[in-house]
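# Topology and contacts: notes
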Amino acid sequence: MSTSSATVFKCADGRELHGTVFDVAPGTRRLGTVVIGCATAVKANYYHRYAAFLATNGFTAVTFDYRGIGESRDGSLRGQKVRWYNWGSLDIDSVLAWALEHSDGLPVNFVGHSFGGFGVGMAEHAAGLSRILTVGAQHAYWRDLTPRHQIGHLGRAAVMLPLVAVMGYFPAKRLRLMEDLPAGVALDWARSRKDFTTAATGSERDSLRAHQAAVTAPIMALAPNDDPYATIPAMKRAVSYTPNSASRVIHLLPGDYGESKLGHFALFHSRHKDTFWEQSLHWLCSGSWIG
């Protein structure tokens, strides 16, 4: 049986992130490491069951909360200058650096959900990854959504923007949504651009594009076909930022998983342990997708 331990990751700017390392059970051959990147406004513990599954099957699995979220919130969000760019270039990068340092020469792979699957390309150490599996990955550019969901996204943005201006952050918990968001992250989500890299300026933009170009790990980009954000155009846009990675974009059918709908979150539920989780494990091990 695998075991887990709390771990602190230190970012290049000195910020500390809290995470969990799921170790491979004694007697199980270790195959490598998998770092799991969260969706926006989702705490790392949402992925703990999936991480434990990976550890049971030979991969040391690492989860972590981005700055401003969950165990890495660090006080009030008012005044915290946090953007999606920081989550990718600092937070994901620091965990990848740790994983590569502790890999013992074995492959380090990445599984990213929603923003996590897009944000990994911003990390300098993503150049050292062996495989990347993304689930519903995109950066919420509204024109990539279906017409019905374009209206919903713009409506949510219209609520979010004035609240952020007044509160200094997005109070999602008060609205019975998910985790509160730093103002910059909320604005990135609400006003995501067609070309994400234009949200950065000067040296940050140059660094971002250089990191994306340095990624060579093959990318398997997946999402249910009823995911309101991860349309085929959205996923193709996401993988286009890493032009030197061979990528494959697939829409999954809920019926193949015994469901009438899956949406943006369901694939990480433990009821998919014998289906999607096993498929993802096979891909992480072999680089081939069964399904």
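Structure shown above.
Remember, predicted model here, so these are calculated numbers, not experimental data.

The next point concerns helix α6 (residues 202–214). A rise of 1.5 Å per residue sets the reference length of α6, with its 13 residues, at 18 Å; its end C-alpha atoms lie 19 Å apart and thus fit the reference within 8%. Taken residue by residue, α6 has L208, H211 and Q212 as its buried positions. Around the axis of α6, the buried residues are gathered within 100° of arc, so they sit on the same side. Opposite the buried face of α6, by more than 90 degrees, sit the exposed residues S203 and D206. Considering only its buried residues, α6 is in contact with α2 (84–101) and α3 (115–119).

Moving on: the nonpolar core. Among the nonpolar cores identified, the biggest contains 85 residues, and Y50, L54, W87, L96, L129, F276 and W289 are the most heavily contacted of them. The greatest single-element share of this core, amounting to seven residues, is contributed by α2. The contact partners of L54, leaving out residues within four places of it in the chain, are V34, I36, F59, A61, L281 and L284.

A few words on the sheet that holds strand β1 (residues 3–10). Taken together, eight strands build an open sheet; the order of strands is β1-β2-β4-β3-β5-β6-β9-β10 and the sheet is mixed. The open sheet has two free edges, formed respectively by β1 and β10 (247–252), since each of these has just one partner strand. Pairs of neighbouring strands in the sheet enclose a mean axial angle of 20°, with direction left out of account. Relative to strand β2 (residues 16–23), β1 runs antiparallel, the two being bridged by eight bridges. Bridge pairing links T7 to G19 in β2.

Put simply, the largest pocket is a space of about 550 Å³. Along the walls of the largest pocket sit 26 residues, with T40, R156, M178, W189 and Y229 positioned nearest its centre. The biggest single contributor to the lining of the largest pocket is helix α4 (residues 147–167), with five residues. Residue composition of the lining of the largest pocket, grouped by class: 17 nonpolar, seven polar and two charged. Taken as a whole, the second largest pocket spans an internal volume of roughly 170 Å³. Considering each element in turn, the lining of the second largest pocket owes the most residues, three residues, to β2.

Right, let's get into the pairing of strand β9 (residues 219–224). Successive residues of a regular strand alternate their side chains across the two faces of the sheet. Burial analysis of β9 places six of its six residues in the buried class, the great majority of the element. The side-chain alternation of β9 yields two buried faces, one formed by I219, A221 and A223 and the other by M220, L222 and P224. Strand direction decides the pairing type here: strand β6 (residues 131–135) and β9, joined by four bridges, are parallel. Within β9, the position partnered with V135 by the bridge is L222. Alignment of β9 against β10, held across six bridges, turns out to be parallel.

A few words now on the side chain of T231. Structurally, the position occupied by T231 is in the loop between β9 and α7 (232–240). T231 has contacts with D144, L145, T146 and H251, leaving out every residue within four places of it along the chain.

Turning to empty space enclosed by the protein, a few remarks are in order. In this approach a probe as big as a water molecule rolls over the atoms, and the regions it shows empty are the leftover space. Taken as a whole, this structure holds two cavities of 30 Å³ or more when the rule is applied. Here the largest cavity defines a volume of roughly 140 Å³. Those elements giving two or more residues to the lining of the largest cavity turn out to be α3, β6, β9 and α7. Broken down by element, the residue count for the lining of the largest cavity peaks at three residues, all from α7. Along the lines of polarity and charge, the residues of the lining of the largest cavity split into eleven nonpolar, five polar and no charged. The space that makes up the second largest cavity amounts to roughly 40 Å³. A class-by-class count of the residues in the lining of the second largest cavity yields five nonpolar, two polar and two charged.

What counts and what doesn't
Residues numbered from 1 in each chain as written. Predicted model: local features only at pLDDT ≥ 70, side-chain atom pairs only at ≥ 80, totals over all residues. Heavy atoms only, no water. Helix = DSSP H or I, 4+ residues; strand = E, 2+ residues; numbered from the N terminus. Expected span 1.5 Å × (residues − 1). Buried < 20%, exposed > 50% of the residue type's maximum accessible area, 1.4 Å probe, protein only. Arc of directions from axis to C-beta. Contact = heavy atoms within 4.5 Å. Core = buried A, V, L, I, M, F, W, Y, C linked by side-chain atoms within 4.5 Å. Pairing = 2+ DSSP bridges. Axes fitted to C-alpha atoms, helices over the stretch in contact; angles between N-to-C directions. 1 Å grid on protein atoms, 1.4 Å probe; cavity = no way out; pocket = protein on both sides within 12 Å on 5 of 7 lines; lining within 4 Å. Points joined across faces, edges and corners; volume = space filled by probe spheres on them. Nonpolar A, V, L, I, M, F, W, Y, C, P; charged D, E, K, R; others polar.

The quantities given are spatial measurements derived from coordinates; they are silent on function.
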